[in-house]
Amino acid sequence: MCALVGSIMVREIGGYLELERFAGEPFHPDAIALNSGRGCLAYLIELRHIGTVWLPDFMCDSVYGLFEREGVHVRRYPINASLLPDYPSFDMKDGDWLLLMDYYGQLQPGEVDRASEVSCGNLIVDETQGFFRKPWGNADTTYTCRKWFGVPDGAYLCTKDGVRLPRDLERDESFNRMGFVVGRFERTASEFYDLASANNALFSQEPAKAMSSLTENLLNAVDYSQVLMRRRRNWAHLAQRLEVSNLLGLSEPWGPFMYPYKVDDAGDVRSRLAREGVFVPMLWPNVAVDDGVGPVAHDCASNILPLPIDQRYDLEDMEVLVEVLLRCLN
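Presented here is an overview of the structure given in this document. Since the model is a prediction, treat every value here as computed from it, not as a measurement.

Looking now at the overall build of the chain. Looking only at helices and strands, one finds 11 helices and 11 strands in the chain. Against the globule reference of 20 Å for 330 residues, the chain gives a C-alpha radius of gyration of 21 Å, in line with a compact fold. Along the first, second and third principal axes, the C-alpha set of the chain runs to 70 × 50 × 30 Å. Across the 330 residues in the chain, those meeting the buried criterion constitute 51%. Accessible surface, the chain as shown: approximately 16600 Å² in total, 52% of it carbon and sulfur. Of note, the chain has its 32 positive side-chain charges centred 1 Å away from the centre of its 48 negative side-chain charges.

The seven strands lie next to each other as 3-9-8-7-6-4-5, forming an open sheet whose pairing is mixed. The open sheet has two edge strands with one neighbour each: strand 3 (32-34) and strand 5 (73-77). Taken pair by pair, the neighbouring strands of this sheet meet at an average axis angle of 25°, ignoring direction. Relative to strand 9 (residues 155-158), strand 8 (residues 140-144) runs antiparallel, the two being bridged by four bridges. Along strand 9, the bridge assignment pairs T141 with C158. Strand contacts of helix 1 (residues 37-48): strand 3, strand 6 (97-101), strand 7 (123-126), strand 8 and strand 9, with the helix running at about 155° to strand 8, the strand carrying the most contacts.

Glancing now at the side chain of N234. Its place among the elements puts N234 in helix 7 (residues 224-242). Among all residues touching N234, those that are not within four sequence positions of it are I309, D310, Y313, D314, L315 and M318.

In this section: unusual backbone geometry. Positive phi outside glycine occurs at C120, with the angle close to 55°. Notably, W284 is not glycine yet its phi reads approximately 60°, a positive angle. Mapped onto the fold, W284 is located in the loop between helix 8 (266-275) and helix 9 (285-288).

Looking along a regular strand, one sees the side chains alternate between the two faces of the sheet. Most of strand 10 (residues 258-262) sits inside the fold, with five of its five residues counted as buried. Side chains M258, P260 and K262 project from strand 10 onto one buried face, and the interleaved Y259 and Y261 project onto a second face that is buried too. In terms of strand pairing, strand 10 meets strand 11 (residues 304-308) through five bridges, oriented antiparallel. What sits directly across from Y259, in strand 11, is L307.

Extensive coverage of strand 6 is indicated by the burial of five of its five residues. Of the two faces of strand 6, the one lined by W97, L99 and M101 and the one lined by L98 and L100 are each fully buried. Two elements, strand 6 and strand 7, share four bridges in a ladder whose sense is parallel. For L99, the partnering residue across the bridge sits in strand 7 and is I124. Since strand 6 and strand 7 lie parallel, the crossover through helix 3 (residues 109-118) that links them has a hand, and here it is right-handed.

To continue, consider the nonpolar core. In terms of nonpolar packing, the biggest core is built from 81 residues, with Y43, F58, F67, L98, F131 and F149 touching the most fellow members. Element by element, the count of residues in this core is highest for helix 1, at seven residues. Membership of the second largest hydrophobic core comes to 21 residues, among which are W235, A239, L242 and L325.

Once that is clear, we can look at the packing of aromatic side chains. The geometry of an aromatic ring pair comes down to the distance between the two centres and the angle between the two planes. For the coordinates displayed, the defined rule picks out 22 aromatic pairs. Here Y103 and W284 contribute two aromatic rings whose centre-to-centre distance is 6.1 Å and whose plane-to-plane angle is 70°, an arrangement assigned as edge-to-face. With Y103 in the loop between strand 6 and helix 3 and W284 in the loop between helix 8 and helix 9, this pair connects stretches of sequence that are 181 residues apart. Between F131 and Y143 the ring centres are 6.2 Å apart and the planes differ by 75°, which places this aromatic pair in the edge-to-face class. Here Y143 lies in strand 8 and F131 lies in the loop between strand 7 and strand 8, a separation of 12 residues in the sequence.

Position of N330 among the secondary structure elements: in the segment after helix 11 (315-329). Separated by 61 residues in the primary sequence, N330 and V269 have C-alpha atoms spaced 9.4 Å apart.

Time to look at helix 2 (residues 61-69). Each turn of an α-helix holds 3.6 residues, which means side chains three or four residues apart point in the same direction. All buried positions along helix 2 are accounted for by S62, V63, Y64, L66 and F67. Where helix 2 is buried, its residues meet helix 1, strand 4 (52-56), strand 5 and strand 6. Once helix 2 finishes, G71 follows within two positions and takes phi at roughly 80°, a positive value.

Each value, and the rule that gives it
- Residues numbered from 1 in each chain as written.
- Predicted model: local features only at pLDDT ≥ 70, side-chain atom pairs only at ≥ 80, totals over all residues.
- Heavy atoms only, no water.
- Helix = DSSP H or I, 4+ residues; strand = E, 2+ residues; numbered from the N terminus.
- Rg over C-alpha atoms; globule rule 2.2 N^0.38 Å.
- Buried < 20%, exposed > 50% of the residue type's maximum accessible area, 1.4 Å probe, protein only.
- Areas by Shrake-Rupley, 256 points an atom, 1.4 Å probe, with all protein chains shown as cover.
- Lys, Arg positive; Asp, Glu negative; His and termini not counted.
- Charge placed at Lys NZ, Arg CZ, Asp CG, Glu CD.
- Pairing = 2+ DSSP bridges.
- Axes fitted to C-alpha atoms, helices over the stretch in contact; angles between N-to-C directions.
- Contact = heavy atoms within 4.5 Å.
- Right-handed = clockwise from strand over helix to strand, strands pointing away.
- Core = buried A, V, L, I, M, F, W, Y, C linked by side-chain atoms within 4.5 Å.
- Phe/Tyr/Trp six-rings, centres within 6.5 Å; stacked < 30°, edge-to-face > 60°.

This is the structure in structure tokens:
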């Protein structure tokens, strides 16, 4: 640690111990390490001089707000039943950019190739739900850390050509945002829900910054092979038990985010699950009440139950989850 003595910055020696320094490596070592997924997009706006962007109608409204705040003209395209752009329904102009969302890690290489062709190479692939996927060679690829690991922030950006901004970014600091992360380690999520929500809201106004030293250090402590193995095993168990009744046709992603289980009238099921102590988020609730979105986006936002399969849980937990879910469905 360094301290300012007079006008000179000197390294502190002695005193109490801080958090240990972890010696691991990041999963995306060649990426630009930033503060948030929205920070990645703000970085790309400046780097690529984006003037107009096409965003899917099945997406968090904060992403729309980010582009609009940065002075980018936002257009919206509908997704089809395969969770891909409904290309016949919209027409991109020269110089427009396309953001392609990899929903639940289902995106296939040929689909990225088509998006790159339609956008003339002006393509961003959002891997918020596909952290373990490698960067797409024909697109700029963004990743988010805090939806996958116990950190309050952090994201990675891989540009297709390796270019970076010619200026240094201010480094973020995370020490005052760790309360809900360490709190849940020892207590329940409900006790720290307000802090977690406030942390999520914070990034709607934050500019692009370099990843904090604290988050970078914590990510170096993650056993990524163990995380990946456990997520894949949990996905396979839920798929075996629920695939027949799932209204979504799915392929197993390499690194699963959540298991998207689609049912009719998911809102009632979600409420019953919560009463049983199983908390399933509604991703992007803004879509469910937006009259301007297409029917597929509205249906997905309303009726997909993203079931947790992350590294905190084992197969016994997954079976408990299935039993509770089936009871709530009946």
